[in-house]
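Breakdown of the fold
Listed below are the residues making up each chain.
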Amino acid sequence: MLGRLALLLAAACLLAGCGEEAAGNGSAQLWITQDRGREVKLTTTVPAGISALEALRRKADVETRYGGRFVQAIDGVEGDLGGQHDWFFFVNGYEADLSAADYELHDGDVLWWDHRSWEDELREPVVVGAFPEPFLHGYDGDVRPVAVRYEPGRAEGAKSIARLLGADSVAPVSVPPPKDANVFYTVSGRQRFEASLREESGPAGAPVRFVFAGDAAALARQPRKFRFRY
């Protein structure tokens, strides 16, 4: 009788996912890279509704520190405080401001773990490498309005980007964007793609400013061309 009860309990535990966080609806992407995205180790999908840490554990060998709340090593690649190398994680291009154990993934999120040096730059508040995020899925489920602004001669490319991002407004750079909007600027000059917070001291999820010089219509057709870039 006891043996049968134990088997039934074990089966119930497997069905319920004991020892793992329950997943919600939808899925998220998981990326693991090194050296500011230059070396790609893994790209895969994980369920939404679980923490960033649990998502990582499901796909990689993970060692943690500080009571299991922060990642020390992924697949044997360790953080090194003395050597100023560590694992950092981004959600939809934002460098997260929560413990990986506390951030719950939402449907469509891009979870990106990167092992890099922080000798010259400790913070990278937002990067272009997850574009078209954070315009599509925001941060922690909060999606901001999108504004596209363009310099003279860039209107057609701006319209293509606006369709990709579901922009609320498209206008020349002379028109101020809403203060709470994520803003995409298409400009002239040497080709570049840069991302920053609109207010330097803002938290993860604060409004962003993306500046692109180049063929914006081509970017709209191939929005992942700059994947993994800082």
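Each value, and the rule that gives it
Residues numbered from 1 in each chain as written. Predicted model: local features only at pLDDT ≥ 70, side-chain atom pairs only at ≥ 80, totals over all residues. Heavy atoms only, no water. Pairing = 2+ DSSP bridges. Helix = DSSP H or I, 4+ residues; strand = E, 2+ residues; numbered from the N terminus. Axes fitted to C-alpha atoms, helices over the stretch in contact; angles between N-to-C directions. Contact = heavy atoms within 4.5 Å. Buried < 20%, exposed > 50% of the residue type's maximum accessible area, 1.4 Å probe, protein only. Patch = residues over 30% accessible without salt bridge, like charges linked within 9 Å, V, L, I, M, F, W, Y side chains within 5 Å. Areas by Shrake-Rupley, 256 points an atom, 1.4 Å probe, with all protein chains shown as cover. Salt bridge = Lys/Arg side-chain N within 4 Å of Asp/Glu carboxyl O. Lys, Arg positive; Asp, Glu negative; His and termini not counted. Charge placed at Lys NZ, Arg CZ, Asp CG, Glu CD. Polar contact = N/O pair within 3.5 Å; in protein donor to acceptor, adjacent residues only side chain to side chain. Phe/Tyr/Trp six-rings, centres within 6.5 Å; stacked < 30°, edge-to-face > 60°. pLDDT = per-residue confidence, 0-100.

Attention now moves to the sheet that holds strand 10 (residues 169–172). With mixed pairing, the five strands of this open sheet are ordered in space as 10-9-11-13-12. Edge strands, defined here as strands with exactly one partner in the open sheet, are strand 10 and strand 12 (192–197). Adjacent strand axes in the sheet meet at a mean angle of 15 degrees when their direction is disregarded. Each of strand 9 (146–150), strand 10 and strand 11 (182–187) is contacted by helix 3 (residues 155–165), which is oriented at about 170 degrees to strand 9, the strand it contacts most.

Here the focus is unusual backbone geometry. Across the junction of Phe131 and Pro132, the peptide omega takes the value 15 degrees, indicating a cis bond. Among the secondary structure elements, Pro132 is positioned in the loop between strand 8 (110–117) and strand 9. Each neighbour pair has its own omega, and for Glu133 with Pro134 the value is 5 degrees, a cis peptide bond. Positionally, Pro134 belongs in the loop between strand 8 and strand 9. Positive phi outside glycine occurs at Asp35, with the angle close to 55 degrees. Assignment of secondary structure puts Asp35 in the loop between strand 1 (27–34) and strand 2 (39–47). Asp35 gets classed as partly exposed once you look at its relative accessible area, which sits at 42%. Even without glycine at this site, Asp75 takes up a positive phi of about 50 degrees. As for its position among the elements, Asp75 is in the loop between strand 4 (70–74) and strand 5 (77–78).

Let us look at the environment of Val128. Here Val128 shows up in the loop between strand 8 and strand 9. It is 6.4 Å that separates the C-alpha atoms of Val128 and Gly93, two residues lying 35 residues apart in sequence. In contact with Val128, other than residues within four places in its own chain, are Phe193, Glu194, Ala195, Phe210, Phe226, Arg229 and Tyr230.

Moving on, we get to a negative patch on the surface. The grouping of Asp61, Glu63, Asp75, Glu78 and Asp80 at the surface amounts to a negative patch. Inspection of the secondary structure assignment puts Asp80 in the loop between strand 5 and strand 6 (85–91).

What follows concerns the side chain of Gln72. Among the structural elements, Gln72 can be located in strand 4. Looking at Gln72, the relative accessible area reads 16%, which means it is buried. A polar atom in the side chain of Gln72 sits 2.8 Å from the side chain of Arg65.

Another point: the packing of aromatic side chains. On inspection of all chains with the given rule, the structure shows 22 aromatic pairs. Ring centres of Phe90 and Trp112 lie 5.3 Å apart, and the angle between their planes is 40 degrees; on these two criteria the pair is classed as tilted. Here Phe90 is found in strand 6, whereas its partner Trp112 is found in strand 8, with 22 residues between them in sequence. Comparing Phe90 with Trp112 shows no difference in burial state: the two are buried. For the ring pair Phe212 and Phe226, a centre distance of 6.1 Å and an interplane angle of 80 degrees mean the geometry is edge-to-face. One end of the pair, Phe212, is in strand 13 (residues 208–213); the other, Phe226, is in the segment after helix 4 (216–221), and 14 residues separate them in sequence. Here Phe212 falls in the buried class, since its relative accessible area comes to 3%.

We now examine helix 2 (residues 52–59). Taken together, the buried positions of helix 2 are Ala52, Leu53, Glu54, Ala55 and Leu56. Residues of helix 2 that are buried make contact with strand 1, strand 2, strand 3 (62–65), strand 4, strand 6 and strand 8.

Our next topic: the confidence of the model for the chain. On average, the chain scores 90 in pLDDT, and the residues at 70 or more come to 90%. Scored below 50 in pLDDT, residues 1–19 makes one contact in the model with residues more than four places away or belonging to other chains.

The next thing to look at is the pattern of salt bridges. In total, this model carries nine salt bridges according to the counting rule given. Between Arg65 and Asp86 there is a salt bridge; the shortest N-O distance is 2.8 Å. Taken together, the residues Arg65 in strand 3 and Asp86 in strand 6 connect sequence positions 21 residues apart. By relative accessible area, which is 24% here, Arg65 ends up partly exposed.

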